[in-house]
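This is what each chain is made of:
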Amino acid sequence: MTSTSQLCQSDLFQKRSELLSRDDRVVLSYERARAIGLAHGITFHDILDLTQKFWGMNANPITVLDVAASTLLTIQYNLVAGTLAQYAATTRPDLISLVEDILRWDVIGQFCLTELGRGLDIFRMKTSATLLPTGEFDLHTPLPSDAKFMPPTVPVKGLACVAIVFAQLYVNGECCGPRPFVVNINDGYHMCNGVTSKLLPPRGGSTPVNHALTSFNHVCLPPSALLGDLSKSNRMHRDFMSSIWRVTVGALAISSVAIPDLQISSYIAARYFQRRHVTSVYGNPVPILSYRTQQLPLLHAIAQAFVLKALYKWSIEQFMDKNLDIRVRHGVAACCKAVMVQHAQVANCVLSERMGAQGLFEYNRLSNLYSELRGVGIAEGDILGLSMRLVGDTLAEMYKLPLSTHPDGPLALHENSLFDEATEMVSSSSDFTQAFMQYVQPRSQMMVESMGHRMAYDAAVDQGVSQCLIDLYVANAVKTDAAWYVERGIFTRQAIMRMEDTALLAALPRLDELLVAMEVEPYVLSPIISDECWEKFSKTLPVYSSPQAEAPPQPTLVLGRARL
């Protein structure tokens with residue numbers, strides 16, 4: 001067993017968090033985040049050099065058990081420790097001890113970048129840091145709309161909190177562009193002087209994180225708080241993007257949670273579909289797995305889990321290739337994130353629906369994972385924003401993403417056609433920008449997803465993923481824009497349906513083998529996967545009864561028609 005497969009069997013993870021208060025759930029998520037981080041043994045080297053241990057941590061199945069914990073983990077290790085490590089390894093060795101404290105969770109780290117009134121336009125942030133004659137800095141939030149939005153900065157667990165806060169640097173009245181500053185936020189019990197944190201209500205449907213609005217009222221910072229130098233750069237925006245490099249790392253890292261999401265969701269669904277029986281038209285009980293309505297979404301999700309695992313491996317290799325243009329590496333991360341979230345969200349929704357009423361409950365995870373993945377799609381770069389930027393750059397021929405290793409495949413043909421159509425639209429217009437915004441921008445996410453489909457297919461073929469799973473993946477990707485394939489005469493609607501059915505028939509007999517190969521059984525805490533798990537779970541539920549009531553006999557499974 002791995003360290004995390006043992007960890008998920010501990011009381012820390014076996015505890016039913018949905019029965020706790022919000023405050024208790026928040027504290028529990030911090031404890032779980034710390035336990036996950038320490039179990040992986042992440043070091044300064046892992047954070048700085050982005051080792052396989054770092055990438056593997058983010059795709060570990062335990063992250064799905066408490067996505068709030070994984071959110072805190074990626075902030076702590078990637079955004080905060082990762083940013084500080086860049087400076088500690090070069091110009092600021094004095095920061096090494098702080099990075100080590102963060103990796104040990106002796107200090108909580110936060111990353112204050114986005115502002116309430118800015119959204120994606122963060123380069124024009126309003127938070128200011130003014131150089132004083134003493135060499136110190138005056139950190140200030142001018143207006144309520146300039147408060148830092150989302151980072152959980154309220155005191156928790158008695159642990160001191162330090163944040164990397166981005167602010168416009170002013171020197172002698174001149175704006176020198178955004179800079180990161182190391183700022184003490186609270187001591188674990190009380191906020192530091194001049195720092196205010198307003199606790200936001202919880203996000204709907206997801207594991208609660210103590211998100212907040214954070215503002216600063218003329219907070220005096222020592223000269224050492226500044227990360228970087230005072231000089232004004234003639235490439236201000238590029239330097240700013242370099243200073244938030246770990247956001248792009250996070251875009252790829254946190255999107256990998258889609259892999260264990262698909263694995264665990266499909267495992268829960270498969271075991272429930274095998275267990276749940278209905279009366280067939282012939283009057284005999286049959287498992288609901290015998291129906292195509294259950295088989296198709298289940299096997300598609302399993303196929304996507306295997307294919308996306310190959311995509312993630314390939315994307316890491318591309319992202320870590322320093323010979324590639326940094327914008328190309330960013331583009332690969334954007335494609336990977338777009339397609340991972342797309343597949344996981346569809347699976348979470350459809351599989352949850354196929355479970356009927358059971359799919360609605362938090363203890364079965366799927367409905368919650370849908371909400372959690374919405375947050376992943378926004379965090380570390382909103383998918384739509386990333387897509388618009390990537391498509392615009394591609395049409396302007398600023399750089400080229402890696403070419404397909406199977407250019408004659410249907411997914412590569414589809415991707416090329418979409419970009420050819422977009423190029424024709426903008427090139428035939430006298431106003432490139434207007435044509436792009438009018439015709440291309442609304443389709444940009446679909447275009448990036450088509451790139452991701454092709455990349456995933458190439459990676460799966462090149463890494464030897466089972467052919468039946470690849471065929472299922474292709475069939476599903478084709479269905480996302482079936483009209484194009486029919487228009488071009490590549491497939492008919494009936495051919496797409498037959499292709500999907502043939503792939504399903506090849507994969508279905510291997511269902512149990514595929515479930516075992518995903519190696520997620522120790523991480524599945526849903527009570528509906530077996531009679532034994534349900535009986536154990538039911539004993540934990542509050543009981544309202546009369547003294548005279550007798551517990552009815554417990555049948556192995558109640559038979560009845562299910563909503564398919």
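A brief look at the structure comes next. Only a predicted model underlies this, so the values are computations on that prediction, with no experimental measurement involved.

Once that is clear, we can look at the nonpolar core. In summary, soluble globular proteins display a tendency toward joint burial of nonpolar side chains. Formed by 177 residues in total, the largest nonpolar core has its most connected members in Trp55, Leu84, Leu113, Leu139, Phe181, Phe273 and Leu298. Beyond its immediate chain neighbours, meaning those up to four positions away, Phe273 contacts Pro287, Ile288, Leu289, Gln294, Leu298, Leu351, Arg354 and Met355.

Right, let's get into the environment of Pro287. Inspection of the secondary structure puts Pro287 in strand β11 (residues 285-287). Here the alpha-carbon distance between Pro287 and Tyr272, two residues 15 residues apart in the chain, equals 9.1 Å. Aside from chain neighbours lying at most four places away, what touches Pro287 is Phe273, Gln274, Arg276 and His277.

Here helix α15 (residues 383-395) crosses helix α17 (residues 432-440) at 135°, and the two axes come no closer than 12 Å. Taken together, the axes of α15 and α17 lie oblique to each other. Both α15 and α17 take part in a crossing whose hand is right-handed. Between α15 and α17, the residues in contact are Met388, Val391, Gly392 and Leu395 and Phe432, Phe436 and Val440, respectively. Across the contact of α15 with α17, the residue classes tally to 6 nonpolar, 1 polar and no charged.

Burial runs high along strand β1 (residues 108-112): 5 of the 5 residues are buried. What you see with β1 is no split at all: Ile108, Gln110 and Cys112 on one side and Gly109 and Phe111 on the other are buried throughout. Strand direction decides the pairing type here: β1 and strand β5 (residues 161-171), joined by 5 bridges, are parallel. Residue pairing in the sheet places Phe111 in a bridge with Ile164 of β5.

Another point: unusual backbone geometry. We note that Leu50 has phi near 55°; this positive angle belongs to a residue other than glycine. As for its position among the elements, Leu50 is in the loop between α4 (44-49) and α5 (52-58). On the basis of relative accessibility, which here comes to 7%, the residue Leu50 falls in the buried class. Even without a glycine there, the phi angle at Trp105 is positive, about 65°. Position of Trp105 among the secondary structure elements: in the loop between α8 (96-103) and β1. The class of Trp105 is buried, set by a relative accessible area of 4%.

Take the side chain of Ser265 next. With respect to the helices and strands, Ser265 occurs in helix α11 (residues 258-275). Sequence-distant contacts of Ser265, defined by excluding residues within four places in its chain, comprise Asn348, Leu351, Leu366 and Leu369.

Burial along strand β3 (residues 137-140) is two-sided: the face carrying Phe137 and Leu139 and the face carrying Asp138 and His140 are both buried. Pairing of strand β2 (residues 128-131) with β3, which is carried by 4 bridges, proceeds in the antiparallel orientation. By the bridge assignment, Ala129 is partnered in β3 with Leu139. Linking β2 back to β3 in an antiparallel pair, the connection comprises 5 residues, with Gly135 at a positive phi of about 95°.

Counted by the stated rule, this structure contains 16 aromatic pairs. Considering the side-chain rings of Trp55 and Phe319, the 5.9 Å spacing of their centres and the 85° angle between planes classify their relative orientation as edge-to-face. Taken together, the positions of Trp55 in helix α5 and Phe319 in helix α12 (residues 292-319) put the pair 264 residues apart, joining distant regions of the chain. By relative accessible area, which is 1% here, Trp55 ends up buried.

One open sheet holds the 3 strands; their spatial order is β4-β8-β7, and the pairing between them is antiparallel. Looking at strand neighbours, the two that pair on one side only are β4 (148-150) and β7 (195-199), the edges of this open sheet. Recorded for the sheet is a direction-independent mean angle of 15° between the axes of neighbouring strands. Here β7 runs beside strand β8 (residues 212-216); their pairing, made up of 5 bridges, is antiparallel. Each residue of the ladder has a partner; that of Leu199, found in β8, is Ala212.

Turning our eyes to something else, we now look at the pattern of salt bridges. Applying the stated rule across the entire model yields 27 salt bridges. Residues Arg292 and Asp501 are paired through a salt bridge, measuring 2.8 Å at the closest nitrogen-oxygen approach. One end of the pair, Arg292, is in helix α12; the other, Asp501, is in helix α21 (residues 493-507), with 209 residues separating them in the sequence. Owing to a relative accessible area of 30%, Asp501 belongs among the partly exposed residues under this scheme. Note that Glu500 is salt-bridged to Lys479, the shortest N-O span being 2.7 Å. Placement of Glu500 in helix α21 and of Lys479 in helix α19 (residues 467-479) is noted, with a sequence separation of 21 residues between them. A single network of salt bridges, built from pairs that share partners, joins Glu115, Arg118, Asp146 and Lys148.

Definitions and cut-offs
Residues numbered from 1 in each chain as written. Predicted model: local features only at pLDDT ≥ 70, side-chain atom pairs only at ≥ 80, totals over all residues. Heavy atoms only, no water. Core = buried A, V, L, I, M, F, W, Y, C linked by side-chain atoms within 4.5 Å. Buried < 20%, exposed > 50% of the residue type's maximum accessible area, 1.4 Å probe, protein only. Contact = heavy atoms within 4.5 Å. Helix = DSSP H or I, 4+ residues; strand = E, 2+ residues; numbered from the N terminus. Axes fitted to C-alpha atoms, helices over the stretch in contact; angles between N-to-C directions. Parallel < 35°, antiparallel > 145°, perpendicular 65-115°, else oblique. Left-handed = near helix turned anticlockwise from the far one by under 90°. Nonpolar A, V, L, I, M, F, W, Y, C, P; charged D, E, K, R; others polar. Pairing = 2+ DSSP bridges. Phe/Tyr/Trp six-rings, centres within 6.5 Å; stacked < 30°, edge-to-face > 60°. Salt bridge = Lys/Arg side-chain N within 4 Å of Asp/Glu carboxyl O.

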